[in-house]
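Close look at the chain arrangement
Each chain, written out:
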Amino acid sequence: DGARILIKGGTVVNAHRAEEADVYIEDGVVVAVRPNIPVGDDNVRVIDATGKYVMPGGIDPHTHLAMEFMGTVTIDDFFSGHVAALAGGTTMHIDFVIPVNGNLTAGLESYKQKAANAAMDYGFHMAITKWNDEVAREMEVMVKEHGINSFKFFMAYKGSLMVTDDLLLQGLQKCKSLGALAMVHAENGDAVAEGQQQMIDLGITGPEGHALSRPPILEGEATARAIRLAKFINTPLYVVHVMSVDAMEEIAKAKREGQRVIGEPVVSGLVLDDSWLWNPDFTIASKYVMSPPIREAGHSKALQAALSSGILQLVGTDHCTFNSTQKAFGSDDFRKIPNGVNGLEERMHIIWDSMVETGKISVTDYVRVTSTECAKIFNIYPRKGAILEGSDADIIILNPERSFVMGAHTHHSRSNTNVYEGRKGKGMVEVTISRGRMVWEDGVLNIAPGSGRYVRMPPFGYIFDGIEKSDAAYRASLRAPVQRGKAAA
Ligand code: DUC
Ligand code: ZN
Ligand code: ZN
Ligand code: ZN
């Protein structure tokens, strides 16, 4: 902080407009955005951005850093994850706090400790895995005192994280009263358990069994169910990691009918297909095991089109990394392969290359789906997600002419594998500025553990606007009840 930076000659892109302008930063905040800002004095660091795009740093709505999961712990913690993110042009993420034995306060305490070495700004969602009066009370405390405005319900992972419809309904109701956004991992967990047993009974124990045991229909079913339950309660719903046409079409239908539903595709679902899971080399195939599974070719194309048209609104990663030793826990049974893939470092580059470079979305839509929409949904816009006077100086400079090659030998994640190994493309983030600090410049990192800040997210974001009116309309649409047992007037 304290540093003064002037970015000159670039194209400044916000979700609402791209313009030729300079950006002046002081004390971690954007002070001015306009053409021809004079340099002032010698202590101002001047960066030439001619021919480059100056954009809000990425915000990843979906990560799992230092998460205890499937008998192990994800290998990227809040430091290595942040190093990877910053090197890839992401300056903020929202991670999922997992309660400790169903206790939200204990979960938050544990995640605060995990995040003590944070190197960039972060926020928290919180998972709800049990239901009782205490959980309902704690949800209120999380919203009112701890800056959490979203709660996630896992409809999969039977026997550990999975919620019943009853819990989901109670949770949706509580979310609504608090102005918090309900999020769902939508797969039918009972059917997944059945599908897994079927594969094992058939002797299919390898990674392909993962895809075969939990087909798109189970994602479509749970997505439809969650959407209908959210409609019944009349509260907004956010569907995380939309991986299939089946789920996407349920979201499209609900939106068409006016329902407040948000769909989040993740990078792996947008650009990979499940042929990897049939690779005879277990070390390769197991890298691609995540849930819901990466689907057959065709789904990714449809998800890209849905992102272009606005049916899906913002891109996450579900960054949840394990090294090959951890993945090998499941070498004799796909059910034991820790679920998760990387993406925190790759997201900004892959979306640029596969969507902007190919003409599928504009540069302004790129900023919207990688940053602004997330800031708006989680109610931290325009402090985050924009380059406007007063915004936090979380900024990237992307050179559209430079190309990249991805892989485990050059990435910053602690994992020894990368699902994008060897992937090439165009568009390189040359500079990352995190709250006014130059943290990534031409391949050199300058990062301080502990410098990241917790970003509190207030409830009642834009998606709740006018919801009382829609409640009233819903009640008015109910037919009048019969008054039985009373004398007619
Ligand atoms: N899916 C994954 O692949 N990893 C983390 C949790 C999840 O739902
Ligand atoms: Zn999930
Ligand atoms: Zn996840
Ligand atoms: Zn190698």
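This one's a predicted model, so the numbers in the text were calculated from it and none came from an experiment. (Residues numbered from 1 in each chain as written. Chains lettered and ligands numbered in written order. Predicted model: local features only at pLDDT ≥ 70, side-chain atom pairs only at ≥ 80, totals over all residues.)

Secondary structure assignment for the protein yields 15 helices and 18 strands. For 489 residues, the compact-globule estimate of 2.2 N^0.38 gives 23 Å, and the C-alpha radius of gyration of the protein, at 23 Å, lies within 12% of that figure. Projecting the C-alpha coordinates of the protein onto the three principal axes gives extents of approximately 85 × 70 × 40 Å. Across the 489 residues in the protein, those meeting the buried criterion constitute 55%. Long-range contacts, defined as pairs at least 24 residues apart, comprise 76% of the intrachain contacts of the protein with a sequence gap of at least 6. (Helix = DSSP H or I, 4+ residues; strand = E, 2+ residues; numbered from the N terminus. Rg over C-alpha atoms; globule rule 2.2 N^0.38 Å. Buried ≥ 20, exposed ≤ 12 C-beta atoms within 10 Å, placed from the backbone. Contact = placed C-beta atoms within 7 Å.)

A word on unusual backbone geometry. Following Ser291, the chain continues to Pro292 via a peptide bond in cis, the omega torsion being -5°. Relative to the helices and strands, Pro292 resides in the loop between helix H10 (282-287) and helix H11 (299-309). Cis geometry is adopted by the peptide bond preceding Pro382, which originates at Tyr381 and carries an omega value of 0°. Its place among the elements puts Pro382 in the loop between helix H14 (363-377) and strand E15 (395-405). For Asp318, which is not glycine, the phi torsion reads 60° and is therefore positive. Secondary-structure assignment places Asp318 in the loop between H11 and helix H12 (324-327). For Asp318, a count of 28 C-beta atoms within 10 Å corresponds to the buried category.

Next up on the list: the packing of helix H7 (residues 216-233) against helix H8 (residues 245-256). At their nearest, the axes of H7 and H8 sit 7 Å apart, and the two run at 25° to each other. The pairing of H7 with H8 is recorded here as roughly parallel in orientation. Judged by the sense of rotation from one axis to the other, the crossing of H7 with H8 is right-handed. For the pair H7 and H8, the contacting residues are Pro216, Ile217, Glu219, Gly220, Thr223, Ala224 and Ile227 in the first and Val245, Asp246, Ala247, Glu250, Ile251 and Ala254 in the second. In terms of residue class, the contact of H7 with H8 is built from eight nonpolar, two polar and three charged. (Axes fitted to C-alpha atoms, helices over the stretch in contact; angles between N-to-C directions. Parallel < 35°, antiparallel > 145°, perpendicular 65-115°, else oblique. Left-handed = near helix turned anticlockwise from the far one by under 90°. Nonpolar A, V, L, I, M, F, W, Y, C, P; charged D, E, K, R; others polar.)

Taking the UniProt record as the reference, the feature "modified residue: N6-carboxylysine" (unreviewed entry) is found at Lys152. Inspection of the secondary structure assignment puts Lys152 in strand E11 (residues 150-154). Lys152 has contacts with Phe96, His125, Ala127, Met183, His185 and Val240, leaving out every residue within four places of it along the chain. (UniProt positions renumbered as here; feature names shortened; annotations may be inferred.)

With that settled, consider the site of ligand 1. In the vicinity of ligand 1, the contacting residues are His64, His185, Met290, Ser291, Asp318, Cys320, Asn339 and Gly340. Tallied by class, residues from the shell around ligand 1 come to two nonpolar, five polar and one charged. (Near = placed C-beta within 6 Å.)

Two orientations exist for strands paired in a sheet by backbone hydrogen bonds: parallel and antiparallel. Spatial strand order, E6-E9-E10-E11-E12-E13-E14: seven strands in an open sheet with parallel pairing. Whereas interior strands pair on both sides, the edge strands pair on one side only; in this sheet they are strand E6 (58-63) and strand E14 (261-263). With direction set aside, neighbouring strand axes in the sheet form an average angle of 25°. Contacts from H7 reach strand E12 (181-185), strand E13 (237-239) and E14, with the element oriented near 170° to E13. (Pairing = 2+ DSSP bridges.)

A separate point is helix H4 (residues 165-178). The terminal C-alpha atoms of H4 lie 20 Å apart, and with 14 residues this matches the ideal 20 Å at 1.5 Å per residue to within 8%. Buried residues of H4: Leu168, Gly171, Leu172, Lys174, Cys175 and Leu178, and no others. Packing partners of the buried residues in H4 comprise helix H3 (133-146), E11, E12 and H7. Directly after H4, the chain includes Gly179, whose backbone phi takes a positive value near 70°. (Expected span 1.5 Å × (residues − 1).)

Below, the discussion takes up the environment of Glu346. Tracing the backbone shows Glu346 in the loop between H12 and helix H13 (347-356). Sequence spacing of Glu346 and Arg4 is 342 residues, and the spatial spacing of their C-alpha atoms is 29 Å. Once residues lying within four places of it in the same chain are set aside, the contact partners of Glu346 are Gly88, Val267, Met406 and Tyr420.

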